[in-house]
Amino acid sequence: QVQLVESGGGLVQVGGSLRVSCATSGLTFSSYNMGWFRQAPGKEREFVAAIRWSGGSTLNADSVKGRFTISRDNAQNTVYLQMNSLKPEDTAVYYCAARGPWTTGWGDRSRNAGEYDYWGQGTQVTVSS
């Protein structure tokens, strides 16, 4: 049984930082590309960042470039999203997702929520002004 469990969300002030984590089980984590998506009230789920199974390649949405960093620890079966310089528009439920194993295709496919096989339940991030 595959499980993805996000944690680390919360309330933070504008300009602050937060790190959310996603612990996985039931899959060979090191063979999966991982992604972070977010969904704000009344909006569609949108891509935030992705990281390749090896950790050697990452992608970021234009809206978070230079502020958010995705990373992974294959020994801990965990993916992270470090969020700095947070803005009110970053307020959303953040979801991690897994795509694989050994999936081909990067780029646009990694930005597409429909390409992912497993999802976590989400963690709320609220940025107050």
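Description of the structure in this document. As the structure is a prediction and not an experimental result, all values here were calculated from the model.

**A short note on the sheet that holds strand β7 (residues 68–73)**
Working step 1: Pairing within the open sheet is antiparallel, and its four strands lie in the order β1-β3-β8-β7. Each having just a single partner strand, β1 (3–7) and β7 make up the two edges of the open sheet. Along the sheet, successive strands turn relative to each other by an average axial angle of 15°, direction set aside.
Working step 2: The pairing of β7 with strand β8 (residues 78–83) spans six bridges and is antiparallel. Among the inter-strand pairings, S71 is bridged to a residue of β8, identified as Y80.

**Thoughts on the nonpolar core**
Working step 1: Grouped together as the largest cluster of nonpolar side chains are 34 residues, with contacts concentrated most on W36, V79, L81, M83 and Y94.
Working step 2: Counting only elements with at least two residues in this core, the list comes to β3 (18–25), β4 (33–39), β5 (46–51), β7, β8, β9 (92–99) and β11 (123–128).
Working step 3: If sequence neighbours within four positions are ignored, Y94 has contacts with E6, W36, F37, R38, V48, F68, L81, M83, G122, T123 and V125.

**Observations concerning the pairing of β5**
Working step 1: Burial of β5 is extensive: five of the six residues sit out of reach of the surface.
Working step 2: Relative to β5, β4 is paired through five bridges, and the arrangement is antiparallel. Across the sheet, residue W36 finds its bridge partner in β5, namely A49.
Working step 3: Counting the residues that bridge the hairpin from β4 to β5 gives six residues, and of these G42 lies at a positive phi of roughly 75°.
Working step 4: Judged from the three bridges that link them, β5 and strand β6 (residues 58–60) form a sheet pairing that is antiparallel. Across the sheet, residue A50 finds its bridge partner in β6, namely L59.
Working step 5: Where β5 folds back on β6, the antiparallel hairpin that results is connected by six residues, among which G55 adopts a positive phi of roughly 85°.

**What about unusual backbone geometry?**
Working step 1: The omega torsion of the bond from G100 to P101 falls at 0°, within 30 degrees of zero and hence cis.
Working step 2: Positive phi, close to 55°, is recorded for N77, a residue that is not glycine.
Working step 3: Residue placement: N77 occurs in the loop between β7 and β8.
Working step 4: Classification of N77 by relative accessible area gives partly exposed; the value is 30%.
Working step 5: Phi angles above zero are rare outside glycine, and W102 is one such case at about 50°.
Working step 6: Tracing the sequence through the fold places W102 in the loop between β9 and β10 (118–119).

**Regarding the side chain of D90**
Working step 1: Along the chain, the position of D90 falls in the loop between β8 and β9.
Working step 2: Residue classification places D90 among the buried positions, given a relative accessible area of 0%.
Working step 3: At 2.9 Å, the side chain of D90 forms a polar contact with the side chain of R38.
Working step 4: For D90, the side chain forms a polar contact with the main-chain nitrogen of K87, separated by 2.8 Å.

What counts, and where the lines are drawn
- Residues numbered from 1 in each chain as written.
- Predicted model: local features only at pLDDT ≥ 70, side-chain atom pairs only at ≥ 80, totals over all residues.
- Heavy atoms only, no water.
- Pairing = 2+ DSSP bridges.
- Helix = DSSP H or I, 4+ residues; strand = E, 2+ residues; numbered from the N terminus.
- Axes fitted to C-alpha atoms, helices over the stretch in contact; angles between N-to-C directions.
- Core = buried A, V, L, I, M, F, W, Y, C linked by side-chain atoms within 4.5 Å.
- Buried < 20%, exposed > 50% of the residue type's maximum accessible area, 1.4 Å probe, protein only.
- Contact = heavy atoms within 4.5 Å.
- Polar contact = N/O pair within 3.5 Å; in protein donor to acceptor, adjacent residues only side chain to side chain.

That is the geometry; function is a separate question.
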